[in-house]
Amino acid sequence: MKHRRYSIATAMVTAFTILIVAVTLVINARSYENNRRQLQSVATDYTNQLISQVNSQMDMYVDYLKDLSNFIVRNSAVTAYLRDSSQQEAVSAILSHAATTRDEIFAIALAAADGRVLFDDPSYRLNPYATYQNAGWFQTAVAQPDQVHISTSRVENLVEGQYPWVISLSQAITDSQGNLLGVLLVDLRYDIITDICASVDLGNRGYLFLVDSSGAILWHPKQKLLNAGLLQEHMEAVGREDSQPLTIDDEKGQRLYFSHRSQSTGWTVVGVAYAEELQEPQSELFRQYLIIDAVAVGAALVLSILISRAITTPLRKLTAIMQSVEGGDFTVRSDIRSGSEVTQLSDTFNHMIGTIQDLMAEQKRTEEQKRETEWALLQAQIKPHFLYNTLDSIIWMSHAGRNEEVVEMTQALAQLLRTSIGRGEDIITLREEVSHVESYLTIQKMRYREKLRYELDVEPDTLDCRLPKLVLQPLVENAIYHGIKVKEDGGSIRVTSMLDEDQLIITVEDDGSGMTPDQLAHILEPKESDEGSSKIGVYNVHERLQMYFGSQFGLKFFSEPDRGTTAMLILPRLTEETEERDHALS
Amino acid sequence: MRYRKLIVCLLLCALAGLLAFRFTGGQENRVRIALVLKTTVETAEFWGEVLDGVDSAVEELGVEVTVTGSDSESAVDQQIAVMEDVIATRPDAIILVASDYDRLVDVTREAVAAGIDVITMDSDVNTDARTTFVASDNYQIGRSLGAQLLENLDSGPVAVLTHSTYSSSGIQRVEGALDALAECPDVEVVGVYDCENNRDNAAAIARDLLEEYPDLRGFVCANEVCNLAVAQVLTEQGLGGQLTVVGCDNSRQQIQYLEQGVIQSIIIQQPFNMGYAAVEQAARVVRGQSVPAFTEIPCVTITQDNMYNSDNQKLLFPF
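Residues numbered from 1 in each chain as written. Chains lettered and ligands numbered in written order. Predicted model: local features only at pLDDT ≥ 70, side-chain atom pairs only at ≥ 80, totals over all residues. Heavy atoms only, no water.

J.: What exactly am I supposed to notice about the pattern of salt bridges here?
T.: Two side chains bearing opposite charge may form a pair once their charged atoms approach each other closely. Residues and elements named next belong to chain A. A full pass over the atoms with the stated rule returns 20 salt bridges over all chains. Note that glutamate 33 is salt-bridged to arginine 37, the shortest N-O span being 3.6 Å. One end of the pair, glutamate 33, and the other, arginine 37, are both in helix α1 (residues 8–73), four residues apart, so they sit about a helical turn from each other. According to the relative accessible area criterion, glutamate 33 is partly exposed, its value standing at 25%. For the salt bridge of arginine 494 with glutamate 455, the shortest nitrogen-to-oxygen distance reads 3.6 Å. Of this pair, arginine 494 sits in strand β14 (residues 491–500) while glutamate 455 sits in strand β12 (residues 452–458); the two residues are 39 residues apart in sequence, bridging distant segments of the chain. By relative accessible area, which is 29% here, arginine 494 ends up partly exposed. Its relative accessible area of 42% is what places glutamate 455 among the partly exposed residues. Connected via shared salt-bridge partners are Glu455, Asp457, Arg494 and Glu509. (Salt bridge = Lys/Arg side-chain N within 4 Å of Asp/Glu carboxyl O. Helix = DSSP H or I, 4+ residues; strand = E, 2+ residues; numbered from the N terminus. Buried < 20%, exposed > 50% of the residue type's maximum accessible area, 1.4 Å probe, protein only.)

J.: What is the right way to look at the nonpolar core in this model?
T.: The tendency in soluble globular proteins is for nonpolar side chains to be buried as a group. Counting residues in hydrophobic clusters, the biggest one holds 88 residues, and the most contacted among them are A:Ile72, A:Ile108, A:Leu110, A:Leu184, A:Ile193, A:Leu210 and B:Phe219. Here this core gets 11 residues from one element, more than from any other, and that element is α1(A). Judged by nonpolar contacts, the second largest core, of 48 residues, contains A:Val434, A:Tyr448, A:Phe553 and A:Leu569. (Core = buried A, V, L, I, M, F, W, Y, C linked by side-chain atoms within 4.5 Å.)

J.: Quick question: what am I supposed to make of helix α4 (residues 105–113) of chain B here?
T.: Think of an α-helix as turning once every 3.6 residues; residues three or four places apart then point the same way. Residues and elements named next belong to chain B. Taken residue by residue, α4 has Val105, Val107, Thr108 and Ala111 as its buried positions. End-on view of α4: buried residues confined to an arc of 170°, all on one side of the axis. Every exposed residue of α4 that faces more than 90 degrees away from the buried side is listed here: Asp106 and Ala113. Positive backbone phi, at 85°, marks glycine 115, one or two positions downstream of α4. (Arc of directions from axis to C-beta.)

J.: Help me understand the packing of helix α10 (residues 384–399) of chain A against helix α12 (residues 430–448) of chain A, please; the structure alone is not making it clear to me.
T.: A pair of packed helices is characterised by two quantities: the angle between their axes and the separation of those axes. Residues and elements named next belong to chain A. At their nearest, the axes of α10 and α12 sit 11 Å apart, and the two run at 55° to each other. In terms of orientation, α10 and α12 fall into the oblique class. The interaxial crossing formed by α10 with α12 has left-handed handedness. Contacts between α10 and α12 involve Phe386, Asn389, Thr390, Ser393 and Met397 from the former and Tyr440, Ile443, Gln444, Met446 and Arg447 from the latter. In terms of residue class, the contact of α10 with α12 is made up of five nonpolar, four polar and one charged. (Axes fitted to C-alpha atoms, helices over the stretch in contact; angles between N-to-C directions. Parallel < 35°, antiparallel > 145°, perpendicular 65-115°, else oblique. Left-handed = near helix turned anticlockwise from the far one by under 90°. Contact = heavy atoms within 4.5 Å. Nonpolar A, V, L, I, M, F, W, Y, C, P; charged D, E, K, R; others polar.)

J.: Would you mind going over the environment of B:Met307 with me for this structure?
T.: Residue and element names in this part refer to chain B. Its place among the elements puts methionine 307 in the loop between β12 (300–303) and α11 (310–316). Residues methionine 307 and serine 265 lie 42 residues apart in sequence; the distance between their C-alpha atoms is 9.8 Å. Here methionine 307 is in contact with Ile255, Leu258, Glu259, Ile302, Asn312, Gln313 and Leu316, once residues within four sequence places are set aside.

J.: Teacher, can you tell me more about a nonpolar patch on the surface here?
T.: Residues and elements named next belong to chain A. Nonpolar side chains collect at one region of the surface, where Ile8, Leu303, Ile307 and Ile311 lie side by side and expose about 320 Å² of accessible area between them. The element contributing the most residues to the nonpolar patch is helix α8 (residues 280–326), with three residues. By the secondary structure assignment, isoleucine 8 is in helix α1. (Patch = residues over 30% accessible without salt bridge, like charges linked within 9 Å, V, L, I, M, F, W, Y side chains within 5 Å. Areas by Shrake-Rupley, 256 points an atom, 1.4 Å probe, with all protein chains shown as cover.)

J.: I'm lost on the interface of chain B and chain A in this one. Help?
T.: Interfaces are often sized by the amount of accessible area the parts lose when they come together. Taken together, the contact pairs 28 residues of chain B with 32 residues of chain A. In total, about 3000 Å² of surface goes out of reach between chain B and chain A, with carbon and sulfur atoms giving 66% of it. Between the two partners, chain B and chain A, sit three salt bridges. When the shortest N-O distance is used, the salt bridge between B:Glu49 and A:Lys224 registers 2.7 Å. Counting every contact that joins chain B to chain A gives nine residue pairs in polar contact (both at pLDDT 80 or more). For the side of chain B that touches chain A, the elements supplying multiple residues, two or more each, are α1 (4–23), α2 (45–61), α9 (252–260), α10 (271–286) and α11 of chain B. Of the residues forming the side of chain B that touches chain A, the biggest block, six residues, is contributed by α1(B). (Buried area = accessible area lost by both parts, 1.4 Å probe. Polar contact = N/O pair within 3.5 Å; in protein donor to acceptor, adjacent residues only side chain to side chain.)

By themselves, these are just geometric observations and shouldn't be taken as functional.
So this is what it looks like as C-alpha cells:
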C-alpha cells in the first residue's frame, strides 16, 4: 500500500472543510426539514380553508335562492294564478321583484300544470317548441313536491331565442289536497359559478372544479376540453371525506386534490393544487439554506486556509533556516514570534545552534592546543643544549682516548634519537619507553658520574603495556636537573612500574632537593618563560595524558624539601588487545 | 498558490449548484406554429370554435400560434400569397385550411422544402407533402347525411346543395351523400347545386328547385350556409316540417330550426376538437413524433330527440 503524504496545510484545510460542511449540512438539513413540514401543513390548511370558503359562499347563495323560492311558492297570489290565471299582474310583480334581487338570476318562471308559463321579465316569450314537461327540473319537482331541487348545469330553452347555460332550482306548487298546480323555476346564470370558482387563487396552475350530487362535473375551468373528451379529471378524488388531500402524480406533475362536499347543495368543491406551487415557499426556503450552506463552506475554506497558513508559514521559514544551517551557516538565527509552540521550537533551535557553535569553537581550540603541545614536545625531546653537551662530552672523551666510553655514549645517543623520532607512532610499549629512558640515563650517568645513581625497577608484566611515547624521559630529566644536579653529593633516581587494577602506575622517585609546597602547587601549570625547559616538559606530559585519556589520568607530584620528589604517572591499562578492540569499536 | 485549484473548484461547484437551482424549468424553445385559415373575416360559429380549440391547445401544450388568412373563402390567390408570407417567417409548422384542393399544392411543397412541416385542417390539399390531415371524414359526413335523409323518407326526388365543388369538404360530402342515397333506388337525386358558400345564392337555388320540382321531398345540405338558406326558404313558404332537411354544422339558427322541426338532423363536427388536435399534431410533428396521414375528428348526429342530452347539449351549446 502506497502512503501519500499530505502537507499539514492540506490536511487541515481538508479536515476543517469536511467537518464544517458536514456539520452545516446536517444542521441545515434538519432545520430545513422542520420548516418544510411546517410550511407544508400551513399550505394544506390554507387550501382546505379556501375551498371550504368557496363551499360556504355557494351554500349561502343557494340557501338564499331556496328561501326566495319558498317565499314565492307560499304566496297565495301565486297559487291563485296557477288555479285560474287571476292576479297575473301581482304574480308578475312578485317574480320580477324577486329576480331583481340578484343579477345572476337569468329567469324566474312559473309553469302551470296546464301549460301556461309566466316569466319575471315581461319581454320573455315562451319558446313554443320547448317541451318543458319532459325536462328534468319539472319532473323531479313533481316527483318530490316538498323540496327545492337543484339541477346540474344545463341549457335552458324555455325562453324563445335564448339558450343560456343555467343551473335551475325548481319547486312544485300543490294545493291543499296535494294536487299539482305548477312548478316554480329559478334559473341561475352559469357565470355565477365561474365567478365564484375562478376567483379562487390556487396558484398559477391550480384550479377548482365543481361536481354535482350525481357526480357530473358542474363547472371546470377547462370545461371545453372536458366536454371534447380531451381531458379527464380525477373523479376518484370526489367524495373523500377526510381532510387529507388525494395525491395524484402523473406526467402533468404532482397535484393535491382537496375535496369538500356541501350539505346544502350536495355539490362537491374539488380544489386542485400543484405540489410544486404549494412548495414554492419551500423552494425559497431551500434556496436560502443553500446560500447559507455555500457561505458557511466558503468561510470554512477561507478560515482553514488562514489558520493553516498561520501555522505552516513559520514552520516553512524555520525549515529554510535549518536548511541554511545544514549548509554550514551557523550564524543564522530564527526570529519567528508567532504562536507559542512554534516560538518555543524556534528558541530551542536557536539555543541548539548556539551550543553547536560553541562546541565547534571548543573543538577548534583543542585542536590548536594539541598542535602546539606536539610542537613543544618535539622541542622538549631534542634539546639542543643536551645534544651539544653530549657531543662535547664525546669529543672530550675522544681526546682523552677513552674510546670505550665514546662508543658507549654514542650508542646511547643514537638509541635515544632513534626512539625520539621513532617510527612515527604516538603509542609505544613501556618496554620501548623504558629503553629510551635507559639510553638517556646512560648518557647522563656518564656526565654526572658518581653524582647520579639510578635504578630501573619495572615489573615484567607491565612491559607490554602501551602508553603515549616520551612521557617518562621528561620526568627523569626533571628529577636530574631540579633534584639531583643541585645537590652536592648527588642523588639516586628510581623508576618503578606496577599495575593497579585497570591502571598502569609509573613512578619516578628521586632523593634530591625536593620542592617547596609553593613550587609543588605550581608544578603542573603551564609556563611561558624558558626558565626551565624540563618544567615545560612536565606540564606537556600532564597535558598530553589528560588529552588522551581524560582528567582522571595524568601526573601527580609528591615532594618535600631536601627529601626528594616523587612523580607518579597514572595511565589506563592499555595492552595491544585492548587497543585493537578500541580501534575496532571506533 | 497551492489551494487555488481547490478553492476555484469548490466555488465553481457552488456556483453551478446555485445556477442550476435558479434556472431549472427555464423556458425551452417554444414551438412556433402558423395557422392559415381560408378567411379571417368570416365569422361562422364553426371557426370560432376551431379557434377556441386552438387557444386551448396553445395553453395546454405551451406552443405559439399565429393566425392568418385571406379576406374571403374563395380568395385562393390571396391565400397562396398569405402562405408565401408565412413561409418567410420560418415557423416550425403551418396548419393550412386549404381554400383549393389543387391550387395550394405548390405553395405547400415550397413550405415543406423550406423545412416547415405542413398540416392541413378541415380542407386538404392534393399532395402527400403535408404531414397529416386533421378533419372529420367528409365522405363519412356525406354518408351520414344520406342515411339521415333516408331515415325520414323512402322515396321521391331530393336535391343536394353544396358550398363548394373545389374544396375537399364539399367534394367528399357530396360524394358520400350520393353514395348513401344510391342505396335507395326510390330516392331520386335531381341534382347537385353549388351555392359558392353564399346564403343568397343558396336561397335562390332552393326557391328555384321548389318551383321546378313541386314534389321535392328533401334537401341534403353540405354545410351551414346551404342548410340555413333552405330552412329559411321552407319557413317562408310555409313548408317547414313538410320536407326532410338534413344539414351539417352547428349554429344557433340551425338549432332553432331543429327545435321547430324544419330541419330533421344535423351532422355536427367537433370544431373545438379539430382546432385542438391540429395544434397538438403540429406540435408532435415538430418534436419528431410520428403522426398518421389522417387524423379523424369524429362527427355526431343530432336530432330533435337527442339534442338536449347532457352530452349533446355540450356540443350544441359550447360555452
